[in-house]
There are 4 protein chains.
Amino acid sequence: MKYNGDKLQVTVLGSSHGPAVGAVIEGLPAGIRIDMEQLAALMARRAPGRMALTSTRREADEVEFISGLNSGVTCGAPIHLSIRNKDVRSTDYEALRNIPRPSHADYPARIKYGEDWDGRGGGQFSARMTAPLCAAGGIALQILAARGVHVGAHLAVVGFVEDEAFDAMTVGTEQFKRILANGFPVLDVEKGKEMQQQIAAALEAQDSVGGIVECAAAGLPAGLGGPLFEGIESRLSAALFAIPAVRGVEFGCGFNAARMNGSRHNDPYGIREGRISPLSNNAGGILGGMTTGLPLIVHAAFKPTPSIGQAQRSVDMKNMEEVELRISGRHDACVATRAVPVVEAVTALVLLDLML
Amino acid sequence: MKYNGDKLQVTVLGSSHGPAVGAVIEGLPAGIRIDMEQLAALMARRAPGRMALTSTRREADEVEFISGLNSGVTCGAPIHLSIRNKDVRSTDYEALRNIPRPSHADYPARIKYGEDWDGRGGGQFSARMTAPLCAAGGIALQILAARGVHVGAHLAVVGFVEDEAFDAMTVGTEQFKRILANGFPVLDVEKGKEMQQQIAAALEAQDSVGGIVECAAAGLPAGLGGPLFEGIESRLSAALFAIPAVRGVEFGCGFNAARMNGSRHNDPYGIREGRISPLSNNAGGILGGMTTGLPLIVHAAFKPTPSIGQAQRSVDMKNMEEVELRISGRHDACVATRAVPVVEAVTALVLLDLML
Amino acid sequence: MKYNGDKLQVTVLGSSHGPAVGAVIEGLPAGIRIDMEQLAALMARRAPGRMALTSTRREADEVEFISGLNSGVTCGAPIHLSIRNKDVRSTDYEALRNIPRPSHADYPARIKYGEDWDGRGGGQFSARMTAPLCAAGGIALQILAARGVHVGAHLAVVGFVEDEAFDAMTVGTEQFKRILANGFPVLDVEKGKEMQQQIAAALEAQDSVGGIVECAAAGLPAGLGGPLFEGIESRLSAALFAIPAVRGVEFGCGFNAARMNGSRHNDPYGIREGRISPLSNNAGGILGGMTTGLPLIVHAAFKPTPSIGQAQRSVDMKNMEEVELRISGRHDACVATRAVPVVEAVTALVLLDLML
Amino acid sequence: MKYNGDKLQVTVLGSSHGPAVGAVIEGLPAGIRIDMEQLAALMARRAPGRMALTSTRREADEVEFISGLNSGVTCGAPIHLSIRNKDVRSTDYEALRNIPRPSHADYPARIKYGEDWDGRGGGQFSARMTAPLCAAGGIALQILAARGVHVGAHLAVVGFVEDEAFDAMTVGTEQFKRILANGFPVLDVEKGKEMQQQIAAALEAQDSVGGIVECAAAGLPAGLGGPLFEGIESRLSAALFAIPAVRGVEFGCGFNAARMNGSRHNDPYGIREGRISPLSNNAGGILGGMTTGLPLIVHAAFKPTPSIGQAQRSVDMKNMEEVELRISGRHDACVATRAVPVVEAVTALVLLDLML
């Protein structure tokens with residue numbers, strides 16, 4: 001459960017219903033002051049129970065540093081951060097012990113690990129594991145910002161509602177601030193309201209809905225990345241698919257590129273303010289696995305929350321009989337909402353690794 | 001330029017216009033006989049100049065084994081295979097030395113490596129590098145087949161033409177054989193003809209067109225993969241994005257999942273022939289980063305070939321002046337066509353690594 | 001701070017004077033019961049303040065499992081274990097903040113990390129880090145034992161006193177039990193008493209003394225390991241040199257082999273009880289980086305404890321002036337003594353990785 | 001068969017009796033000119049048949065660059081270098097197919113890989129594999145020298161003859177040049193003659209003899225390396241033990257440190273020419289796994305060549321009967337002699353990785 005960058009490594013610790021989750025970060029330089037308020041603000045964007053229509057599990061998600069900091073400054077030792085699991089209700093999962101929830105990790109995990117697997121809350125496959133990822137990435141976001149690289153994201157799609165897209169040439173801190181100011185993570189407030197209605201309707205119907213997160217990074221120098229498996233898309237997709245519920249990742253025009261002609265998709269070069277630059281950004285800031293200097297644009301598609309209140313068919317693995325299942329836990333109707341800061345965090349880890 | 005699996009490592013060697021490309025494969029067990037005819041057949045599906053409408057560069061793409069085989073059987077030493085570059089026309093690239101081709105790796109590679117970069121034919125970023133990938137993956141395909149795992153792919157989309165999709169519950173050797181028998185890699189011969197017309201039209205217009213490859217793996221046991229960064233999607237996407245021109249990767253319903261409700265997207269469980277199994281396969285055979293036992297389904301989107309005959313705008317990096325550029329080389333109008341066996345090969349490498 | 005095996009990874013957490021040290025173990029199979037009493041017994045052999053003549057720092061070194069166990073059985077999630085630092089006296093180190101202790105990590109660490117380095121107790125370079133290594137390796141020792149592989153060690157040398165050596169052909173559980181029964185980790189009780197006198201004399205003189213640990217592993221199958229960098233010596237030496245104060249590692253006859261003839265050093269083969277086996281074991285159980293099936297024999301040399309009470313010369317790095325230094329902390333006069341179980345633990349990690 | 005540095009990776013290719021051996025080097029910066037004469041000179045120091053008393057196998061050991069160079073300058077693509085195996089006499093090995101040579105890799109390799117293992121000349125376990133290691137390390141030596149770091153080695157011990165030792169405070173280019181000028185790799189010409197007599201005597205007796213190589217690196221900055229498994233000793237020992245026949249590795253005083261007191265072994269600090277420095281170098285330039293700024297000193301012990309002409313006992317693995325074996329190939333009587341440049345090369349790879 002480890003992000004293995006060239007210079008940066010993040011090992012994710014714990015499981016959903018144990019005493020704590022956490023992360024170990026190796027490879028950060030010494031001498032960097034971490035802004036604790038900023039980190040807490042990022043954690044709050046991901047935490048359950050803060051936004052309307054999200055899980056009612058209440059977690060403070062306070063980040064405690066066990067090692068690696070000396071008076072708030074990185075001291076060269078690996079950073080070990082810990083986040084307590086406080087509001088654990090394992091009883092919700094007793095009845096599910098032998099009945100895999102549809103479209104969850106339960107069934108393959110049980111096959112892989114056998115009866116000793118601790119599947120409460122999804123164990124190590126839980127979305128709870130994104131809390132330490134967010135904390136680790138939050139530190140990366142701060143270091144990147146100090147180097148002039150800014151990362152931001154918004155909900156591009158929820159069900160059938162689409163937010164305004166990032167402008168691939170000009171996206172940057174201005175748009176990122178606007179999203180944060182809106183409370184709900186969109187550029188267009190009206191579209192945000194529609195999305196929330198869509199989520200509320202799903203919740204009402206004991207159902208759920210999927211979404212797409214669009215993430216951008218501005219300020220990257222050209223030439224980061226490398227050929228074949230060293231490409232930015234390989235590195236970034238591997239990290240983004242580690243976020244539970246992600247089913248698709250695309251860069252620039254992504255899947256739409258398949259339906260375009262080269263003459264339409266190619267980004268010509270010109271000289272702007274004395275510097276060479278592509279004049280359009282269908283590439284999403286990446287060519288040949290390397291940054292072009294224009295903003296990096298990536299989309300991650302999230303499936304609808306698999307935990308829904310409606311009756312579903314499953315199997316009691318102990319008695320080998322088909323059963324009807326109703327899931328009563330406290331779940332988000334749309335995981336993509338709280339995933340927005342996670343996508344930013346994970347993207348920041350990968351980009352920081354390339355810049356160190 | 002290396003695929004770093006848990007047990008399998010493949011280092012890709014060479015560059016487009018050097019004497020040879022090749023691969024080193026480490027981690028294969030000793031005692032496996034390689035079927036050379038089958039390997040040559042796979043290589044032929046990728047080789048230029050074989051199919052109508054592909055590059056007229058003629059390469060035999062014969063795979064020579066320098067080490068690792070003892071009378072055609074793996075002997076425990078790493079396999080070193082080499083493929084000669086025979087039909088190299090570097091003169092095509094002389095004029096381009098200082099003028100980056102739009103939407104190619106040229107510009108960022110020049111920034112990254114400086115003036116000493118050998119950019120003829122795209123250097124180490126060339127699609128030529130998929131020849132050794134194909135050879136390495138071709139060996140993986142054979143080993144997987146011997147273990148009952150079969151991998152196949154087809155062109156799902158070219159421009160605005162869509163082939164019939166794989167049936168996610170039943171896809172397997174029967175469909176794969178049908179595709180091979182069709183010559184052009186589609187399930188529906190009529191759609192294949194329309195795709196070829198679309199490509200011919202692009203070529204006529206000195207243009208190019210994108211496409212989507214759908215790949216499936218049947219026969220996988222449940223429980224392969226793992227949590228977070230160990231998930232199959234992370235491993236497979238990292239490998240697929242290493243193929244030049246891939247811009248998007250999705251599993252199961254992929255980006256469509258974002259627009260679905262959970263009640264529609266979830267795959268219920270039932271007992272079939274005495275065994276537990278999901279009753280539908282929107283998951284594309286993967287839950288929680290692990291295989292479910294149903295076919296694995298993945299799509300990879302390819303951008304239109306960036307090398308087009310039409311005039312394009314670029315910059316002479318030496319004189320720092322804007323120029324008009326015409327590319328005269330021998331290029332495929334649709335890279336997705338020859339990428340079909342490459343997607344199979346790369347998918348096989350990742351799956352074999354998990355099964356070793 | 002991570003052991004990166006092929007299948008087993010151990011990340012070491014914390015630092016000497018933080019709230020805790022710990023380890024994350026990834027790659028262990030699910031379903032293994034851990035014997036907590038046995039683990040505590042191993043930890044006690046390493047813990048300070050237990051044996052005469054060792055540091056008077058009192059640490060219970062109780063291993064707390066944060067994740068990875070389900071009712072004492074591995075559940076498939078990574079194991080996160082934590083060991084509290086209870087008896088921390090950072091005041092001992094205040095005066096040393098700017099004065100590097102001779103032959104400690106202080107000076108290069110200060111150069112590497114700058115002023116923010118938290119050097120109390122040696123920070124992440126402290127011998128305290130061997131507590132979590134011992135806990136992780138203790139689990140490996142148990143899993144190996146269940147597979148018939150037994151690892152044991154003793155003090156072969158302290159200063160000028162030498163213990164009886166392991167018999168390279170027959171060493172195994174019998175000898176290992178004898179060592180444990182002796183209290184002081186030697187085969188020959190009389191030699192143990194002489195060693196203790198040597199250590200006491202050093203302590204009396206406010207000085208310290210070095211030592212050599214001999215470790216053996218019995219029951220290994222032939223053919224583990226591999227060529228060049230995959231050899232057992234490469235893997236094992238990398239892990240043993242990670243133990244603070246180790247200055248030399250040798251296998252079989254080691255440095256003595258340099259002074260031998262081939263006819264004397266070679267181990268001929270014969271058939272014994274129907275099986276092929278070397279008839280002598282100058283190789284220490286390893287040929288060509290692979291196990292031969294005979295016991296593996298390795299020596300690790302430990303330097304004398306650098307912290308001594310005698311006056312030493314150093315430099316105040318802040319004022320750039322030469323100073324006289326007296327170290328008053330609580331230190332072992334011979335680190336090799338408590339290192340015996342650490343050598344066993346680290347050896348077990350590497351061997352288990354090869355056997356998984 | 002791969003050196004996996006943090007930034008530098010070297011994959012070793014081929015086997016003793018295949019068409020070629022080689023190496024792939026990844027992670028070198030673009031724009032470095034390689035001095036081919038200097039590289040050839042290093043290769044000649046390792047090549048068989050050049051020095052008296054070494055194997056009569058004649059290999060030109062010419063290094064051919066397949067990729068990675070553009071007019072002699074690194075171009076950013078991985079370097080693929082190849083060295084032909086010209087003077088192969090596989091017939092020498094026909095008789096040995098089923099009879100493992102004592103103290104060679106044959107027996108465990110046969111167990112590991114089975115009957116398909118290609119053991120001619122020792123296959124991938126052959127000392128022939130040090131030719132590509134030498135070539136890769138030779139490039140590293142050149143890059144280090146350009147950065148002011150110089151690496152050199154000599155034969156410290158052959159049998160019972162000892163050369164003068166390096167002065168740990170002052171060793172550098174001057175001493176290295178003296179060694180090269182001597183022809184036989186020693187500091188003291190007289191001792192070199194005695195060593196050669198010792199080797200000649202062994203050869204005469206159809207026997208062999210071991211040796212110790214002492215290697216030093218001067219000009220390293222302080223603070224390279226890191227804690228625990230990141231320490232220089234861990235990295236360097238793993239690489240040195242990859243050289244066939246190495247049985248022991250020690251740093252600074254090494255095994256002698258075990259017999260020393262701390263007051264004698266500790267290196268005090270002082271101010272010299274305005275800079276802090278240890279005033280002695282028992283540490284061999286390494287403390288806490290990090291460089292101190294003084295010369296790095298390491299010893300590697302080589303066992304006597306296992307291939308000797310005298311009759312030895314072995315087993316025919318096919319017929320399972322004990323046999324007498326006489327080895328008739330062309331072998332060095334002392335592998336340590338030709339290993340001197342290999343130790344330099346491997347040391348350079350590890351140090352360059354830390355400096356990139």
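Per chain, residue numbering runs from 1 following the sequence as it is written. Each chain takes a letter, starting from A, and each ligand takes a number, starting from 1, following the order in which they are written. Two thresholds apply to this predicted model, a pLDDT of at least 70 for residue-level local features and 80 or more for giving and counting side-chain atom pairs, whereas whole-chain, interface and lining totals are computed over all residues. Heavy atoms from the whole structure form the basis of all side-chain values; hydrogens and water molecules are not counted.

Here the focus is the relation of the copies chain A and chain C. Superposition of the copies was done by least squares, using only C-alpha atoms of residues whose pLDDT is at least 70 in both. After a rotation of 180° and a shift along the axis of 0.0 Å, chain A superposes on chain C with an RMSD of 0.0 Å. Here the copies are linked by what is in effect a two-fold axis. Measuring from the rotation axis to each C-alpha of chain A, the shortest distance belongs to threonine 11 of chain A, at 4.1 Å. By definition in these notes, contact holds between two residues if any of their heavy atoms fall within 4.5 Å. Residue by residue, 100% of the interface of chain A is reproduced at the interface of chain C, so both copies engage with the same surface.

A few words on the pattern of salt bridges. Each reported salt bridge corresponds to a side-chain nitrogen of Lys or Arg within 4 Å of a carboxyl oxygen of Asp or Glu. Counted by the stated rule, this structure contains 64 salt bridges over all chains. Arginine 235 of chain A is the partner of aspartate 353 of chain A in a salt bridge, and the nearest nitrogen-oxygen pair spans 3.9 Å. Remark: arginine 235 of chain A occurs in helix H7 (residues 232-240) and aspartate 353 of chain A occurs in helix H9 (residues 335-355); sequence separation between them is 118 residues. For the salt bridge of arginine 101 of chain C with aspartate 106 of chain C, the shortest nitrogen-to-oxygen distance reads 2.7 Å. Connected via shared salt-bridge partners are Asp6, Arg235 and Asp353 of chain A. Segments assigned H or I by DSSP are reported as helices when at least four residues long, segments assigned E as strands when at least two residues long, and all are numbered from the N terminus.

Turning our attention to the relation of the copies chain A and chain B. After a rotation of 180° and a shift along the axis of 0.0 Å, chain A superposes on chain B with an RMSD of 0.0 Å. Mapped onto chain B, 100% of the interface residues of chain A are again interface residues, and the two copies thus contact each other with one and the same surface.

Taken residue by residue, the interface counts 100 residues in chain A and 100 residues in chain B. In total, chain A and chain B occlude about 8,000 Å² of area from one another, counting both sides; carbon and sulfur atoms represent 64% of this. The three residues of chain A that bury the most area against chain B are Phe229, Arg247 and Tyr269 of chain A, which together make up 11% of that side's buried surface. Linking chain A with chain B are six salt bridges. The salt bridge involving arginine 247 of chain B is made with glutamate 233 of chain A; its shortest N-O contact spans 3.1 Å. Under the rule applied, a polar contact is a pair of N or O atoms within 3.5 Å (in protein, one hydrogen donor and one hydrogen acceptor; residues adjacent in sequence only if both atoms are side-chain atoms). Inspection of the chain A/chain B interface yields 46 residue pairs in polar contact (both at pLDDT 80 or more). Of the residues contributing to the side of chain A that touches chain B, the split by class is 53 nonpolar, 30 polar and 17 charged. Where strand S11 (residues 246-251) of chain A meets strand S11 (residues 246-251) of chain B, three bridges bridge the pair, whose relative direction is antiparallel. Opposite glycine 248 of chain A, over in S11 of chain B, you have glutamate 250 of chain B as the bridge partner. Two parts placed together each lose some accessible area under a 1.4 Å probe, and the buried area is that loss summed for both. Following the grouping adopted for this structure description, the nonpolar residues are Ala, Val, Leu, Ile, Met, Phe, Trp, Tyr, Cys and Pro, the charged ones are Asp, Glu, Lys and Arg, and the polar ones are all others, Gly among them. DSSP bridges decide pairing: two strands pair if at least two such bridges lie between them.

Residues Lys7 of chain A, Lys112 of chain B, Lys112 of chain C together with Lys7 of chain D make up a contiguous surface patch of positive charge. In this structure, lysine 112 of chain B sits in helix H3 (residues 106-113). Patches in this entry comprise residues that are over 30% relatively accessible and not in a salt bridge; like charges within 9 Å are linked, as are nonpolar side chains (Val, Leu, Ile, Met, Phe, Trp, Tyr) within 5 Å. Each accessible area is a Shrake-Rupley estimate made with a 1.4 Å probe; only the visible protein chains count as cover when residues are assessed. In this tally, Lys and Arg are treated as positive and Asp and Glu as negative; His is ignored, and so are the chain termini. Charged side chains are reduced to one point each, which is NZ for Lys, CZ for Arg, CG for Asp and CD for Glu.

We now examine the side chain of histidine 154 of chain D. Residue and element names in this part refer to chain D. Mapped onto the secondary structure, histidine 154 falls in strand S8 (residues 150-158). Within the local environment of histidine 154, its side chain forms a polar contact with the side chain of glutamate 214, the two groups lying 2.7 Å apart. Apart from residues lying up to four places away in sequence, histidine 154 is in contact with Asp163, Glu164, Phe166, Ile179, Pro185, Val186, Leu187, Ile212, Val213, Glu214 and Val340.

In this analysis, rings of Phe, Tyr and Trp, with Trp reduced to its six-membered ring, are considered paired at centre separations within 6.5 Å, and the interplanar angle assigns stacked below 30 degrees, edge-to-face beyond 60, and tilted for intermediate values. One pass over the structure, following the stated rule, counts 26 aromatic pairs over all chains. Between tyrosine 113 of chain D and phenylalanine 125 of chain D the ring centres are 6.3 Å apart and the planes differ by 50°, which places this aromatic pair in the tilted class. With tyrosine 113 of chain D in helix H3 (residues 106-113) and phenylalanine 125 of chain D in the loop between H3 and helix H4 (130-146), this residue pair connects regions lying 12 residues apart in the sequence. For the pair shown, tyrosine 113 of chain D and phenylalanine 125 of chain D are each scored as buried. Grouped by ring-pair contacts, the aromatic residues Tyr113, Trp117 and Phe125 of chain A constitute a single cluster. Only protein chains enter the accessibility calculation, which uses a 1.4 Å probe. A residue is then buried if its area is under 20% of the maximum for its type, exposed if over 50%, and partly exposed in between.

Moving on, we get to the environment of valine 161 of chain C. Residue and element names in this part refer to chain C. In this structure, valine 161 sits in strand S9 (residues 161-162). Of the residues examined, valine 161 reaches a relative accessible area of 5% and is grouped as buried. As a C-alpha pair, valine 161 and glycine 192 span 31 residues in sequence and 8.6 Å in three-dimensional space. Dropping the residues within four chain positions of it, valine 161 is found in contact with Ala156, Lys191, Glu194, Met195 and Gln198.

Let us now look at the interface of chain A and chain C. Taken residue by residue, the interface counts 27 residues in chain A and 28 residues in chain C. Considering only the side of chain A, the residues that lose the most area to chain C are Lys2, Ile66 and Asp116 of chain A, jointly responsible for 20% of the buried surface there. Taken together, the links from chain A to chain C amount to two salt bridges. Elements with a minimum of two residues in the side of chain A that touches chain C: strand S2 (9-14), strand S3 (20-26), strand S4 (64-67) and strand S6 (73-74) of chain A. A total of four residues in the side of chain A that touches chain C trace back to one element, the largest contributor, which is S2 of chain A. Residue classes in the side of chain A that touches chain C are distributed as 13 nonpolar, 10 polar and four charged.

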